[in-house]
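Fold and geometry: a report
In case you want the letters, here they are:
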Amino acid sequence: MRFCLLAALGLLALGCSEQGAAQDANLPLKITTSQMYITVRNDTGLPLKDVSVEIIPVGRATVFKKFLPRLENAESRNVMLTEFYGRDGTPFNLRAIKPRSVEVKAKDVRGIDHTAETPWR
């Protein structure tokens, strides 16, 4: 009985400890989601240009995008969810749209493409 209780508490603690999307620490582009922001961190070693951050909803009906012209090396940028718009100008609303994932596409100053995607949590 005591073992089952400890096992259940351990699983509960593991499930509640992570508040954003879990990613490999060695990835050059890191994405963290929250209720108000999407945070993008550049660990590629070079500045990135033409950074496109996309919220992909369930069903992919409308993809919501935010364009960042440049993201320096080791820079983190918080992008508010209210800054994302669909192709037709529809603003993103977390109450009305269920996101599936977040994808970041960018090109470094040498011309190498970088892509990262993480599930929404």
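These notes cover the structure that comes with them. Everything quoted here is computed from the prediction, not taken from an experiment. What you see as residue numbers is a count from 1 along each chain, following the sequence as written. Local features in this predicted model are restricted to residues of pLDDT 70 or higher, and side-chain atom pairs are both shown and tallied only at a pLDDT of 80 or more, whereas totals for entire chains, interfaces and linings draw on every residue. Hydrogens and water are ignored here; the side-chain numbers use all heavy atoms of the structure.

1. A few points about the packing of aromatic side chains
- Ring pairs shown here join Phe, Tyr and Trp side chains whose ring centres sit within 6.5 Å, with only the six-membered ring taken for Trp; geometry is labelled stacked below 30 degrees between planes, edge-to-face above 60, and tilted in between. Scanning the entire structure with this criterion turns up one aromatic pair.
- An angle of 70° between the planes, with centres 5.3 Å apart, marks the rings of Phe-64 and Phe-92 as edge-to-face. Highlighted residues: Phe-64 in strand E4 (residues 64-71) and Phe-92 in the loop between strand E5 (76-80) and strand E6 (99-108), separated in sequence by 28 residues.
- A 1.4 Å probe rolled over the protein chains alone gives each residue an accessible area, and that area as a share of the maximum for its type sets the label: buried under 20%, exposed over 50%, partly exposed in between. You can call Phe-64 buried: its relative accessible area is 3%.
- Using a relative accessible area of 6% as the deciding quantity, one classes Phe-92 as buried. Secondary structure elements are taken from DSSP: a helix is a run of H or I of four residues or more, a strand is a run of E of two residues or more, and numbering for both begins at the N terminus.

2. Regarding the sheet that holds strand E3 (residues 48-57)
- For two strands to count as paired, DSSP must find a minimum of two bridges between them. Spatially, the four strands line up as an open sheet ordered E4-E3-E6-E7, and their pairing is antiparallel. Looking along the sheet, the strands with just one partner apiece sit at the ends: E4 and strand E7 (113-119). With strand direction ignored, the average angle separating the axes of adjacent strands in the sheet is 15°.
- Pairing geometry for E6 and E7, over seven bridges, is antiparallel. Among the inter-strand pairings, Lys-105 is bridged to a residue of E7, identified as Thr-115. Inter-axis angles, ranging from 0 to 180 degrees, are taken between N-to-C directions of lines fitted to C-alpha atoms, where helices are fitted over the stretch in contact.

3. Quick word on the pattern of salt bridges
- Whenever Lys or Arg places a side-chain nitrogen within 4 Å of a carboxyl oxygen from Asp or Glu, that contact is recorded as a salt bridge. Throughout the structure, instances matching the rule amount to seven salt bridges.
- Here Asp-43 ties to Lys-30 by a salt bridge, and the two come within 2.9 Å at their closest N and O atoms. Placement of Asp-43 in the loop between strand E2 (37-42) and E3 and of Lys-30 in strand E1 (residues 29-33) is noted, with a sequence separation of 13 residues between them.
- Of the charged contacts in the structure, one is a salt bridge between Arg-77 and Glu-75, with a shortest N-O distance of 3.0 Å.
- If you follow the salt bridges from partner to partner, you end up with Lys-30, Arg-41 and Asp-43 in one network.

4. Here we look at the pairing of E3
- Extensive coverage of E3 is indicated by the burial of eight of its 10 residues.
- When E3 meets E4, the two strands line up antiparallel, connected through seven bridges. In the sheet register, Ile-55 faces E4, and the bridge partner there is Phe-64.
- Linking two consecutive strands that pair antiparallel, namely E3 and E4, is a turn of six residues; a positive phi of about 90° is found at Gly-59 within it.
- Bridge count between E3 and E6: eight bridges; the pairing is antiparallel. For Lys-49, the partnering residue across the bridge sits in E6 and is Lys-107.

Spatial relationships are all this shows, so hold off on functional conclusions.
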